[in-house]
Structure formats: structure tokens, C-alpha cells
Amino acid sequence: MEFMFFDDMKPNIEDMELVFPSSICVHIDPSPVKIDFREFEGNPYLKEMSMNRGFHEEHMAMVDAWLPRENPILVFDWDKTLSVVEGIDMPPCDPWGTRWLQNTFEDYNMTLENVCHFILGGYARIALLKSFFERTKAKIIVLTNNPSACPISKENTSYNRPEFLRLIRFIIPTFQEKDLVPGHLYDGIKSEALKDYFINGFTIQNIPYYVRVKNGPPLLIKKRRRTRRKTLRARFF
Ligand SMILES: [Mg+2]
């Protein structure tokens, strides 16, 4: 299988090169760069953490040189590759009976744009990424070991795949859910995850996946109770 793979972690690059020798694996420099944090003043997501350059112009030039070809595939890590920081402060899910309420960034008083502005390294880089993905005719896969890319499950409330998809779609609006491959479910071995994806496709059917927008279900309960009480009253009077 021929594809380009971008990741900031050397072991992931080595693993992929071994299992997919015909792939082109590009190591993204993880070292921190000097950032003018004034751009992020007032951003509610602002954190004191280092940023790297991430996937940038020089890597885009590599893609341009590798394309055009038939059915090209580009596989991206997320943390410190498409984003420029390690990790996402993902809103956790709240238990609701036997189900889970999906929290969003908005529930934590910030917008998707606030979060992307910071973790993608500022508006200039966002514009660069957006224009790259808009003009690049290739299948895009995001292969991340970040646990929050996993479907919501009661075992780990920080799993929040729907919010993760929103982040990706901020720069790639046409991104398909099936192309977000959670390496975390394959013990972090990215080649294993990708092999399974190529053979079977990533399916979420066997994994608990309860998505309820916050404030949705409680409203529904109230309505039901009201209806039932009304019915009872109607019978008595
Ligand atoms: Mg990474």
C-alpha cells in the first residue's frame, strides 16, 4: 500500500516503515519553537505549554512533489503533527443512567474556534492548513493514539470522538468519520490500526457509543412525566 504518513514520534515512524515498506514516512520535528503568545491573549483555552511547528509548508511541498498519482492517501497523526501541542483538553462525558451525555467545548464556555486557534498554532497556520486540504486531492486519514478519538465508553469518560471530529473538520470540512482511526484501541501500534483499517475499515458497531447532546435527555424525561400525570388526572376527574 502506497501512502504518505506524518508523525512526530520516531517509534511510530519506524513501526510504519517496517510494516509498510512502500509507504513514505515523514518525521515531524517535535522540538518546541518560540511562540509569541500575545496572539492567544483572551483565548479561554490558553495554556502554558510548548508548541512545535507541526505539519508545515516544507511538508506540504513534499506532498505536492509526491502527488499527483492514482488514489493517493495521506495519513496524519494529530498531536504535534496536525496540531502543534501534545494532547487536547477534551470535555469529558457525564454518566446519565445507562447512557452518557456528550459534553462539548461550548459547555466549558469556549468555542470550537478558540480551541482550534490555540492547538493548531494560530490563525496563520490554520489558514495554511485549510488551503492545503482544500487544494489537495487525496484521501485523508487521521491516525491518532489520542484516547479522546475513541468512541464514548463508560470505561473512559475522556473519550469524545464526536468532539474530536469537530476539531478535524475545522480544517478539513469534508472529513469522514470512518477515516478517524483510533490507534489507542490497538495498544497504540499504528501499523496494526492501519492494517485493520485497510482490510476491514474502522467500525464502531461493537463499541458502546452513546451520544446525547447535553440538555437533550432531561428535557425529554420532563415531557414524558408531564404527559403521564395529565393522563392520570384525566382518568380521575
Ligand atoms: Mg503526535
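This one's a predicted model, so the numbers in the text were calculated from it and none came from an experiment.

1. Examining the confidence of the model for the protein chain
Link 1 in the chain: Mean pLDDT over the protein chain: 86, with 82% of residues reaching 70 or higher.
Link 2 in the chain: Long-range and interchain partners of residues 216–237, a stretch whose pLDDT sits below 50, account for 3 contacts in this model, where long-range means more than four residues apart.

2. So, the packing of helix α4 (residues 112–119) against helix α6 (residues 161–171)
Link 1 in the chain: Remark: α4 packs on α6, axes separated minimally by 10 Å, with the N-to-C direction vectors making an angle of 70°. Taken together, α4 and α6 sit at an angle that is classed as roughly perpendicular. Facing α4, whose interface residues are L112, V115 and C116, α6 presents R166, L167 and F170.
Link 2 in the chain: Considered class by class, the residues forming the contact of α4 with α6 number 5 nonpolar, no polar and 1 charged.

3. Some words on the sheet that holds strand β3 (residues 73–76)
Two modes of strand pairing occur in sheets, parallel and antiparallel, and in both the strands are linked by backbone hydrogen bonds.
Link 1 in the chain: Pairing within the open sheet is parallel, and its 5 strands lie in the order β2-β1-β3-β6-β7. Each edge of the open sheet is held by one strand with a lone partner, namely β2 (24–27) and β7 (180–182). Across the sheet, the mean angle from the axis of one strand to that of its neighbour is 20°, orientation sign disregarded.
Link 2 in the chain: Sheet topology note: the β3/strand β6 (residues 139–144) ladder contains 4 bridges and is parallel. When the bridges of β6 are listed, L74 appears paired with I140.

4. Digging into α4
Link 1 in the chain: Those residues of α4 not exposed but buried are V115, C116, H117, F118 and I119.
Link 2 in the chain: Those residues of α4 that are buried lie in contact with α5 (123–135) and α6.
Link 3 in the chain: Residue G121 follows α4 closely and has a positive phi angle near 85°.

5. Examining the environment of F164
Link 1 in the chain: Here F164 is to be found in helix α6.
Link 2 in the chain: When the C-alpha positions of F164 and M90 are compared, they lie 8.2 Å apart, and in sequence the two are 74 residues distant.
Link 3 in the chain: Sequence-distant contacts of F164, that is, excluding residues within four places in its chain, are made with S148, A149 and L180.

6. Focus on the environment of E14
Link 1 in the chain: Within the element layout of this structure, E14 appears in helix α1 (residues 10–19).
Link 2 in the chain: C-alpha of E14 to C-alpha of S191: the two residues are 177 residues apart in sequence and 9.8 Å apart in space.

7. Description of the packing of α1 against helix α7 (residues 190–200)
Link 1 in the chain: Between α1 and α7, whose axes approach to 8 Å, the crossing angle comes to 45°. Here α1 lies oblique to α7, going by the angle between them. Seen from α1, the contacting residues are N12, D15, M16 and V19; seen from α7, they are K190, S191 and K195.
Link 2 in the chain: Of the residues in the contact of α1 with α7, the class split is 2 nonpolar, 2 polar and 3 charged.

Conventions adopted
Residues numbered from 1 in each chain as written. Predicted model: local features only at pLDDT ≥ 70, side-chain atom pairs only at ≥ 80, totals over all residues. pLDDT = per-residue confidence, 0-100. Contact = placed C-beta atoms within 7 Å. Axes fitted to C-alpha atoms, helices over the stretch in contact; angles between N-to-C directions. Helix = DSSP H or I, 4+ residues; strand = E, 2+ residues; numbered from the N terminus. Parallel < 35°, antiparallel > 145°, perpendicular 65-115°, else oblique. Nonpolar A, V, L, I, M, F, W, Y, C, P; charged D, E, K, R; others polar. Pairing = 2+ DSSP bridges. Buried ≥ 20, exposed ≤ 12 C-beta atoms within 10 Å, placed from the backbone.

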